[in-house]
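Coordinates in review
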Amino acid sequence: MLPNTGKLAGCTVFITGASRGIGKAIALKAAKDGANIVIAAKTAQAHPKLAGTIYSAAEEIKAAGGKALPCVVDVRDEQQISSAVEEAVEKFGGIDILVNNASAISLTNTLETPTKKVDLMMNVNTRGTYLTSKACIPYLKKSKIAHILNLSPPLNLNPLWFKQHCAYTIAKYGMSMCVLGMAEEFKGEIAVNALWPKTAIYTAAMDMLGGSGIESQCRKVDIIADAAYCIFKKPKSFTGNFIIDENILKEEGIKNFDVYAITPGHPLIPDFFLDEQPVIVTKKPATHGALPELKEEEAQPPPKPRSGAVEGTFRIVKDSLSDDVVKATQAIYQFELSGEDGGTWFLDLKSKGGNVGYGEPSDRADVVMSMSTDDFVKMFSGKLKPTIAFMSGRLKIKGNMALAIKLEKLMNQMNARL
């Protein structure tokens, strides 16, 4: 863990979404120096599923050694942002650091993303970051420290990161484009940077996405808080950077990253937008300036089925089928599995009584899932959440995403038997 230096004593840090998770962790790290924290978040009353309010966060900040100003702020509301900024300046005399942490996520493809969700992500992630920055910049210009930090990814134009959740990617990249533009616009006055985790971070949001048990594959929020602290210590000339948490901490001399793991030694899920997966990216040789495209590997003939874990899993799945399950699902799933026991398999939940087997289904599949045989077995036995496999690139889905989600619910019912 990175020790505190006291550098942020008396500084005012305005953090959106600071009532819990990463935002609160950054607040507590700064509070240990004796910083003033403006908690700009929506949660004034306790949420039934998510712990923490702006008031409980304020108590923790005070206990850590800082001063706190809890403000009810929905970053979609420009007036609420302005009021919180004015209140912060009146109470603390200015603003030294802005952390744009508030964010909304929906991992759905184009046809399965309701307009309401598109608007939410665009308005919270991109527009909220832009408007909060705009409101704070006049005061940041007067600060000796003057940092804006957006919790957003490097601008990676690999189509892989757009194809399954285009709206979410656009909304997050909007935050990153604010870094690109504002760093140049306010060069010499305000440092504007982005910070992104190398691996999944365990928060309440991750719990909801991945389900119980996902924490062993994640790191603690402390790693982001320590990385943010490293950035705040740097001069205004350190600007326009897209920083990965682990990289900047290595530069600070941190060598033992097990201290940040929820379960030290356990494999970690790589985060979005980082090409950690062995994907071959090439450019079209004849076209100048073409966007990178995925190079498909040559299709290998599927191996003959063998008795093994996959065959055993399908046998148990078949025993679990019923007319009720078929009636409730009404979908055909095709699995393209790599590795031992691999090849093409299907799960037909449209035909009477349902059916499973090796090879392609008799009718066109509604959903095609590609993954390794090991991950397939883990998913059906509850050891790997499909959402997390999808997020980390281990599961690729083509077809109807809503029906893919139906299969995840069916898997949960079967886990006890598998």
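Owing to the predicted nature of the structure, the values given are computational and were not obtained by experimental measurement.

Some details on the overall build of the chain
On a plain count of helices and strands, the chain comes out with 14 helices and 14 strands. Of all 418 residues assigned to the chain, the portion counted as buried reaches 51%. Surface accessibility of the chain: about 19400 Å² in total, with carbon and sulfur atoms responsible for 52%.

Points about the packing of aromatic side chains
As enumerated under the stated definition, the model contains 16 aromatic pairs in all. Ring plane angle 65° and centroid distance 5.8 Å describe the contact between Phe 314 and Phe 335, whose orientation is recorded as edge-to-face. In this pair, Phe 314 sits in helix 10 (residues 309-320) while Phe 335 sits in strand 10 (residues 331-338), placing the two residues 21 residues apart along the sequence. Per residue, the accessibility class of Phe 314 equals that of Phe 335, and both read buried. Aromatic side chains Phe 314 and Phe 376 sit 5.0 Å apart centroid to centroid with 25° between the ring planes, which places their arrangement in the stacked category. Of this pair, Phe 314 sits in helix 10 while Phe 376 sits in helix 12 (residues 373-380), and the two are 62 residues apart along the sequence. You can call Phe 314 buried: its relative accessible area is 3%. Among the aromatic residues, those joined into a ring-pair cluster are Trp 161, Phe 162, Tyr 168, Tyr 173, Trp 196, Phe 272 and Phe 273. Above the plane of the ring of Tyr 229 lies Lys 29, whose end atom (NZ or CZ) is 5.2 Å from the centre. The aromatic ring of Phe 238 is capped on one face by Lys 234, whose charged end is 5.0 Å from the ring centroid.

Some points on the sheet that holds strand 10
Within a sheet, adjacent strands bond to each other through the backbone by hydrogen bonds, running parallel or antiparallel. With mixed pairing, five strands are arranged side by side in an open sheet as 12-11-10-13-14. Single-partner strands in this sheet number two, and they are strand 12 (355-358) and strand 14 (396-399). Strand-to-strand, the axes of this sheet are offset by a mean angle of 15°, without reference to chain direction. With six bridges joining them, strand 10 and strand 13 (residues 367-372) adopt parallel strand pairing. Across the sheet, residue Ser 338 finds its bridge partner in strand 13, namely Ser 372. Along the sheet face, helix 10 touches strand 10, strand 11 (343-349) and strand 12 and points at about 5° away from the line of strand 11. Contacts from helix 12 reach strand 10 and strand 13, with the element oriented near 115° to strand 13.

Quick notes on helix 4 (residues 115-140)
Look at helix 4: 35 Å from first C-alpha to last across 26 residues, which is about the 38 Å you get at 1.5 Å a residue. Largest kink in helix 4: about 40°, centred on Gly 128. Every buried residue belonging to helix 4 is among Met 121, Val 124, Asn 125, Gly 128, Thr 129, Leu 131, Thr 132, Ser 133, Ala 135, Cys 136, Ile 137 and Leu 140, and all of these are buried. The elements touched by buried residues of helix 4 are strand 1 (12-16), helix 3 (78-92), strand 4 (97-100), strand 5 (147-150) and helix 6 (166-185).

About the cut-offs
Residues numbered from 1 in each chain as written. Predicted model: local features only at pLDDT ≥ 70, side-chain atom pairs only at ≥ 80, totals over all residues. Heavy atoms only, no water. Helix = DSSP H or I, 4+ residues; strand = E, 2+ residues; numbered from the N terminus. Buried < 20%, exposed > 50% of the residue type's maximum accessible area, 1.4 Å probe, protein only. Areas by Shrake-Rupley, 256 points an atom, 1.4 Å probe, with all protein chains shown as cover. Phe/Tyr/Trp six-rings, centres within 6.5 Å; stacked < 30°, edge-to-face > 60°. Lys NZ or Arg CZ within 6 Å of the ring centre and 35° of its normal. Pairing = 2+ DSSP bridges. Axes fitted to C-alpha atoms, helices over the stretch in contact; angles between N-to-C directions. Contact = heavy atoms within 4.5 Å. Expected span 1.5 Å × (residues − 1). Bend = angle between axes of the 7 residues up to and from the residue.

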